[in-house]
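Coordinates in review
Listed below are the residues making up each chain.
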Amino acid sequence: MSRICELTGKGRQVGNNVSHANNKTKRTFLPNLQNVTLMSDALGKSVRLRVSTHGLRSVEHVGGLDNWLLKTSDEDLSLRVRRLKRELRKKTAETAAA
């Protein structure tokens, strides 16, 4: 399982450990990923995702998973979340037409 946020696409970064003697060695900075269950109100189901804490705060700030998905572009989203977004668009189009 890769260490990438499914909502924001945030992944690992590479940098240096710098000692007191200014020796530099490579290291990685990993995102703070959490396994969370988010509820989709429009679809009426819950979804388990691996999300960074920054992404989780962003979802809560926008007003929930449904609003986040409709406002976010597809480039950073994982395949599972893109499918969920497509399903959500389909559902909202049906309710708007009815």
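For the structure itself, consult the block above.
Report follows, based on the coordinates. (Residues numbered from 1 in each chain as written. Predicted model: local features only at pLDDT ≥ 70, side-chain atom pairs only at ≥ 80, totals over all residues. Heavy atoms only, no water.)

Focus: the overall build of the chain
A count of helical and extended segments in the chain gives 3 helices and 4 strands. Moving toward the C terminus, one meets the helices and strands of the chain in the order β-β-β-β-α-α-α. Computed over the C-alpha atoms, the radius of gyration of the chain is 17 Å, more than 25% above the 13 Å expected from 2.2 N^0.38 for a compact globule of 98 residues. Taking the principal axes of the C-alpha coordinates as reference, the chain spans close to 70 × 20 × 20 Å. The 98 residues of the chain split such that 30% are buried. Counting every atom, the chain has about 6,900 Å² of accessible surface; 47% of that belongs to carbon and sulfur. The chain carries 19 positive and 9 negative side-chain charges, and their two centres are separated by 10 Å. (Helix = DSSP H or I, 4+ residues; strand = E, 2+ residues; numbered from the N terminus. Rg over C-alpha atoms; globule rule 2.2 N^0.38 Å. Buried < 20%, exposed > 50% of the residue type's maximum accessible area, 1.4 Å probe, protein only. Areas by Shrake-Rupley, 256 points an atom, 1.4 Å probe, with all protein chains shown as cover. Lys, Arg positive; Asp, Glu negative; His and termini not counted. Charge placed at Lys NZ, Arg CZ, Asp CG, Glu CD.)

Structural notes on the side chain of E6
Checked against the element boundaries, E6 lands in the segment before β1 (13-18). A polar contact is formed between the side chain of E6 and the side chain of R80, at a distance of 3.3 Å. When near neighbours in sequence (up to four residues on either side) are disregarded, E6 contacts R48, L49, R50, D76, L77, S78, R80 and V81. (Polar contact = N/O pair within 3.5 Å; in protein donor to acceptor, adjacent residues only side chain to side chain. Contact = heavy atoms within 4.5 Å.)

Here we look at the packing of aromatic side chains
Think of a pair of aromatic rings as described by two things: how far the centres are apart, and how the planes are tilted against each other in angle. All chains considered together, the criterion is met by 0 aromatic pairs. One cation-aromatic arrangement involves R27 over F29; the distance from NZ or CZ to the ring centre is 3.9 Å. (Phe/Tyr/Trp six-rings, centres within 6.5 Å; stacked < 30°, edge-to-face > 60°. Lys NZ or Arg CZ within 6 Å of the ring centre and 35° of its normal.)

Quick look at the pairing of β1
Alignment of β1 against strand β2 (residues 24-29), held across 6 bridges, turns out to be antiparallel. Note that in β2 the partner of N16 across the bridge is K26. (Pairing = 2+ DSSP bridges.)

With respect to the nonpolar core
Core analysis: the largest hydrophobic core is formed by 17 residues, its most contacted members being L7, L49 and L69. Among the elements of the structure, β3 (33-40), β4 (45-52), α2 (65-71) and α3 (79-97) are those that each provide at least two residues to this core. Not counting chain neighbours up to four residues away, the residues in contact with L7 comprise L38, L49, V51, V59, L65, W68, L69, D76, L77 and V81. (Core = buried A, V, L, I, M, F, W, Y, C linked by side-chain atoms within 4.5 Å.)

Looking at unusual backbone geometry
Phi angles above zero are rare outside glycine, and N22 is one such case at about 65°. The residue N22 is located in the loop between β1 and β2 in this model. The exposure class of N22 is partly exposed, given its relative accessible area of 47%.

Here's the deal with the pattern of salt bridges
Applying the stated rule across the entire model yields 3 salt bridges. Between E6 and R80 there is a salt bridge, and its shortest N-O distance comes to 3.3 Å. Taken together, the positions of E6 in the segment before β1 and R80 in helix α3 put the pair 74 residues apart, joining distant regions of the chain. Accessibility expressed as a relative area gives 12% for E6, which makes it buried. Note on R80: relative accessible area 45%, which makes it partly exposed. Of the charged contacts in the structure, one is a salt bridge between K85 and D74, with a shortest N-O distance of 3.0 Å. Residue K85 is located in helix α3, and its partner D74 is located in the loop between α2 and α3; the two are separated by 11 residues in the primary sequence. (Salt bridge = Lys/Arg side-chain N within 4 Å of Asp/Glu carboxyl O.)

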